[in-house]
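Letter by letter, the chains look like this.
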Amino acid sequence: KKGCLWGACGLQGQVLASQEGTVQALRFMRELAEKEGAGLSLQIALFRARFSSGQTEQALVQAKSLAAAQPDNLALRFILATAHAANGDSSTGETLLTALLEEDPGRARVWGQLYRLQRVQGDDAAASQTLRDGLAVDPDNRDLLWLQASEFETAGDIDGAISNYE
């Protein structure tokens, strides 16, 4: 749309999805994202829409393009890692997440994502170690503490879980 602010257009795309369907919303957002001057926030909104609608292959192609265009952008590399994992390439996802943590260990969200990915892969020992490592870096992070409380519950340590929940 002419004169449309990119953030507002992304929001309009989300509203369209709820009113008229995902296919039309994705088409609308893709057309906006392809226009010259489309901002990164619109590109990420399109990625999220594709990802959440199950178009994970298209989301991966887009994530690769975004990360290649801005290789120093840690957020885009995180998106790329999650897209690889969602497309069944857990190994690449794990490698990318690990690299992000080597660059910036203070990113609790990345610790949590790596933990969940390792759990899904069935590597419980690695996941538990990842969680301990993340908590060593950020011992007061609520998301990581919540994950640890779940681990405590699973292990039957109800007192430990309650302690974390408090």
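Residues numbered from 1 in each chain as written. Predicted model: local features only at pLDDT ≥ 70, side-chain atom pairs only at ≥ 80, totals over all residues. Heavy atoms only, no water.

Trainee: A description of the overall build of the protein chain should follow, citing residues and the corresponding values.
Mentor: Each helix and strand in the protein chain was counted, giving ten helices and zero strands. Relative to its full complement of 166 residues, the protein chain shows a buried share of 39%. A fraction of 36% describes how many contacts in the protein chain between residues 6 or more apart in sequence connect residues 24 or more apart. (Helix = DSSP H or I, 4+ residues; strand = E, 2+ residues; numbered from the N terminus. Buried < 20%, exposed > 50% of the residue type's maximum accessible area, 1.4 Å probe, protein only. Contact = heavy atoms within 4.5 Å.)

Trainee: Describe the side chain of S128, naming the residues involved and giving the relevant values.
Mentor: Position of S128 relative to the elements: it lies in helix α8 (residues 124-137). According to the relative accessible area criterion, S128 is buried, its value standing at 15%. Those residues in contact with S128 that sit more than four places away from it in its chain are Y115, R119 and E151.

Trainee: Now, about helix α5 (residues 74-86): what can you tell me, with residues and values included?
Mentor: Here α5 spans 18 Å end to end across 13 residues, near enough to the 18 Å set by a 1.5 Å rise per residue. In terms of burial, α5 is largely enclosed, as ten of its 13 residues are buried. Every buried residue of α5 is accounted for by L74, L76, R77, F78, I79, L80, A81, T82, A83 and H84. Against the buried residues of α5 lie α3 (40-52), α4 (56-69), α6 (90-103) and α7 (108-120). Between a side-chain oxygen at the N-terminus of α5 and the backbone nitrogen of A75 the separation is 3.0 Å; the capping residue is N73. G88 lies just past α5 and shows a positive phi near 85°. (Expected span 1.5 Å × (residues − 1). Polar contact = N/O pair within 3.5 Å; in protein donor to acceptor, adjacent residues only side chain to side chain.)

Trainee: How would you explain the packing of aromatic side chains if you had to name every residue and give the values?
Mentor: Aromatic ring pairs are defined here through the distance separating the ring centres and the angle between the ring planes. Following the criterion strictly, the structure yields two aromatic pairs and no others. Both rings, one in F47 and one in F51, keep their centres 5.5 Å apart while their planes meet at 25°; by these two values the pair is stacked. A residue pair is termed a helical-turn pair when its members lie 3 or 4 positions apart in one helix, as F47 and F51 do in helix α3 at four residues. Ring centres 4.7 Å apart and planes at 65° place the aromatic pair W146 and Y165 in the edge-to-face group. Linking W146 in helix α9 (residues 142-154) with Y165 in helix α10 (residues 158-165), this pair joins segments that are 19 residues apart in sequence. (Phe/Tyr/Trp six-rings, centres within 6.5 Å; stacked < 30°, edge-to-face > 60°.)

Trainee: Which residues make up the packing of α5 against α7, and what are the values?
Mentor: Relative to each other, α5 and α7 sit at 10°, their axes nearing to 12 Å. On the basis of the axis angle, α5 is roughly parallel to α7. Facing α5, whose interface residues are F78, T82 and A85, α7 presents R109, V110, Q113 and L117. Of the residues in the contact of α5 with α7, the class split is four nonpolar, two polar and one charged. (Axes fitted to C-alpha atoms, helices over the stretch in contact; angles between N-to-C directions. Parallel < 35°, antiparallel > 145°, perpendicular 65-115°, else oblique. Nonpolar A, V, L, I, M, F, W, Y, C, P; charged D, E, K, R; others polar.)

Trainee: Could you give an account of the nonpolar core, naming the residues involved and the relevant values?
Mentor: Core analysis: the biggest nonpolar cluster contains 17 residues, and L97, L100, V110, L131 and L144 have the highest contact counts within it. Not counting residues up to four positions away in its chain, the partners in contact with L131 are Y115, L144, L147, Q148 and E151. Judged by nonpolar contacts, the second largest core, of eleven residues, contains L60, L66, L76 and I79. (Core = buried A, V, L, I, M, F, W, Y, C linked by side-chain atoms within 4.5 Å.)

Trainee: Which residues make up the pattern of salt bridges, and what values go with them?
Mentor: For the structure shown, the criterion picks out three salt bridges. Across the salt bridge formed by D124 and R119, the nearest N and O atoms sit 2.8 Å from each other. Looking at R119, the relative accessible area reads 27%, which means it is partly exposed. Its salt-bridge partner being R119, residue E151 comes within 2.2 Å of it at the nearest N-O pair. With E151 in helix α9 and R119 in helix α7, this residue pair connects regions lying 32 residues apart in the sequence. Among the residues examined, E151 registers a relative accessible area of 17% and is labelled buried. When salt bridges that share partners are traced, they join R119, D124 and E151 into one network. (Salt bridge = Lys/Arg side-chain N within 4 Å of Asp/Glu carboxyl O.)

Structural measurements only, silent on function.
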